[in-house]
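As a plain string of letters, each chain reads:
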Amino acid sequence: MRLRNIPGADEVVSNSPYCIQNATEYKGKWNELLGNSNPIHIEVGMGKGRFLMELAALHPDINYIGIERYTSVLLRAVQKMEELMLPNVHFLCIDAATLPEIFGKGEVARIYLNFSDPWPKDRHAKRRLTSSEFLARYDKFLAPDGRIEFKTDNQDLFTFSLDEINASEIWHLDAFTRDLHHDPVLNDGNIMTEYEEKFSSIGNPICKLIASR
């Protein structure tokens, strides 16, 4: 599905104080830029940012950085932030493949992956955000005690993700479920994304896994 281009989105994202430009300049220096030593959590493919902003409001002592590739999508998050003005939220308009060029070793404490593009064709498997290629990228900047949290309603993508982690010599599964909303442990404190609300409302069970090293 092609994204609809929104006139002016590029300009808004470029000029927003919530969108950090030239992100590679801050590799290894993010806490200096953010003005504190609080942990950094990132959401890769954050969409309109509902999940990230709700988390940030609940945890003001954590820095949240949303990653979104498309300005037409990020525009909605910027507009919402102009209402909420959360001091611990920032955005990056980048391709997720460049994350190791932006964050230094151990600089990120947690990675959220929510309803990522499943890239269903086998030849595109390496583009999936839970592929071995992306897991290797995360290893370069996730803190030693950091973790990945992944949610999806796509059963095939979830099976692929479990297999990729189980096949890894670095990563291991801490917990997983194929029916999050009926799992009293993993669903405790769960914050729903826009897609999660949409898909669960039509009866799709939500899958979640937590992985660490």
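That block above? That's the structure.
Residues numbered from 1 in each chain as written. Predicted model: local features only at pLDDT ≥ 70, side-chain atom pairs only at ≥ 80, totals over all residues. Heavy atoms only, no water.

K.L.:
Just checking my understanding: could you explain the pattern of salt bridges for this structure?
P.N.:
Oppositely charged side chains can form a pair if their charged atoms are brought close together. Evaluation of the coordinates by the stated rule reveals 9 salt bridges. Here Arg69 ties to Asp95 by a salt bridge, and the two come within 3.6 Å at their closest N and O atoms. Taken together, the residues Arg69 in the loop between β2 (63–67) and α4 (71–84) and Asp95 in the loop between β3 (89–92) and β4 (108–114) connect sequence positions 26 residues apart. Accessibility expressed as a relative area gives 48% for Arg69, which makes it partly exposed. What makes Asp95 partly exposed here is its relative accessible area of 30%. Via salt bridges that share partners, Arg110, Arg147, Glu149 and Lys208 belong to a single interconnected network. (Salt bridge = Lys/Arg side-chain N within 4 Å of Asp/Glu carboxyl O. Helix = DSSP H or I, 4+ residues; strand = E, 2+ residues; numbered from the N terminus. Buried < 20%, exposed > 50% of the residue type's maximum accessible area, 1.4 Å probe, protein only.)

K.L.:
Mind showing me how you'd approach the nonpolar core here?
P.N.:
One recurring pattern in soluble globular proteins is that nonpolar side chains are buried together. Counting residues in each nonpolar core, the largest one holds 36 residues, and the members touching the most others are Ile42, Leu92, Leu99, Phe103, Ile111 and Tyr138. When residues in this core are grouped by element, the largest group, 5 residues, is from helix α6 (residues 155–167). Setting aside residues no more than four positions away along its own chain, Tyr138 makes contact with Leu99, Ile111, Leu113, Leu129, Ile148 and Trp171. Counting residues in each nonpolar core, the second largest holds 20 residues, with Val13, Cys19, Met46 and Phe51 among its members. (Core = buried A, V, L, I, M, F, W, Y, C linked by side-chain atoms within 4.5 Å. Contact = heavy atoms within 4.5 Å.)

K.L.:
Honestly, the side chain of Lys208 in this entry has me stumped. Any pointers?
P.N.:
Of note, Lys208 is situated in strand β7 (residues 207–212). Judged by relative accessible area, Lys208 falls into the buried class, the value being 9%. Polar side-chain contacts of Lys208 include one of 3.3 Å to the side chain of Glu149. When sequence neighbours within four positions are dropped, the list of residues in contact with Lys208 reads Glu149, Phe150, Lys151, Phe158, Ala175, Phe176, Thr177, Leu180 and Leu186. (Polar contact = N/O pair within 3.5 Å; in protein donor to acceptor, adjacent residues only side chain to side chain.)

K.L.:
In this structure, what is going on with unusual backbone geometry? I would like to understand it.
P.N.:
Glycine aside, residues mostly have negative phi, and peptide bonds are mostly found in the trans state. Look at Asn22: it is not a glycine, yet its phi comes out positive at around 50 degrees. By relative accessible area, Asn22 is classed as exposed at 52%. Even without glycine at this site, Met85 takes up a positive phi of about 50 degrees.

K.L.:
What's the story with the packing of aromatic side chains in this structure? I'm lost.
P.N.:
For any pair of aromatic rings, the description rests on two quantities: the centre-to-centre distance and the angle between the ring planes. What the rule picks out here adds up to 9 aromatic pairs. Here Trp30 and Phe103 contribute two aromatic rings whose centre-to-centre distance is 5.2 Å and whose plane-to-plane angle is 35 degrees, an arrangement assigned as tilted. Of this pair, Trp30 sits in helix α2 (residues 30–34) while Phe103 sits in the loop between β3 and β4; the two residues are 73 residues apart in sequence, bridging distant segments of the chain. For Trp30, a relative accessible area of 0% corresponds to the buried category. Note on Phe134 and Tyr138: the rings are 6.1 Å apart at their centroids and 40 degrees apart in plane angle, and the pair reads as tilted. Of the two residues, Phe134 and Tyr138 are both situated in helix α5 (residues 132–139); the distance of 4 residues between them amounts to about one turn of the helix. A residue is classified by how much of its surface remains accessible, and Tyr138, at 0% relative accessible area, is buried. Over the ring of Trp119 we find Arg127, and its NZ or CZ is 4.8 Å from the ring centre. Sitting over the face of the ring of Phe134, Arg137 holds its NZ or CZ atom 4.5 Å from the ring centroid. (Phe/Tyr/Trp six-rings, centres within 6.5 Å; stacked < 30°, edge-to-face > 60°. Lys NZ or Arg CZ within 6 Å of the ring centre and 35° of its normal.)

K.L.:
Even after reading the chapter, I still don't get a positive patch on the surface, so can you show me in this structure?
P.N.:
The grouping of Lys121, Arg123, Lys126 and Arg127 at the surface amounts to a positive patch. By the element assignment, Arg127 lies in the loop between β4 and α5. Look at Arg127 and you get partly exposed, because its relative accessible area is 42%. (Patch = residues over 30% accessible without salt bridge, like charges linked within 9 Å, V, L, I, M, F, W, Y side chains within 5 Å. Areas by Shrake-Rupley, 256 points an atom, 1.4 Å probe, with all protein chains shown as cover. Lys, Arg positive; Asp, Glu negative; His and termini not counted. Charge placed at Lys NZ, Arg CZ, Asp CG, Glu CD.)

K.L.:
Please clarify how the state of the cysteines should be interpreted in this entry.
P.N.:
Throughout this description, disulfide means a covalent bond between two cysteine sulfur atoms. Counted by the stated rule, this structure contains 0 disulfides. Cys19 provides the cysteine sulfur closest to Cys93, a residue in no disulfide bond, and the two sulfurs are 7.4 Å apart. The exposure class of Cys93 is partly exposed, given its relative accessible area of 30%. (Disulfide = S-S within 2.5 Å.)

K.L.:
Please explain α4 as it appears in this structure.
P.N.:
Two residues of an α-helix separated by three or four positions point the same way, owing to the 3.6 residues in each turn. With 14 residues, α4 extends 19 Å between its outermost C-alpha atoms, agreeing within 8% with the 20 Å of an ideal straight helix rising 1.5 Å per residue. Here α4 has its buried residues at Thr71, Ser72, Val73, Leu74, Leu75, Ala77, Val78 and Met81. Buried residues in α4 make contact with α1 (9–15), α3 (50–58) and β3. (Expected span 1.5 Å × (residues − 1).)

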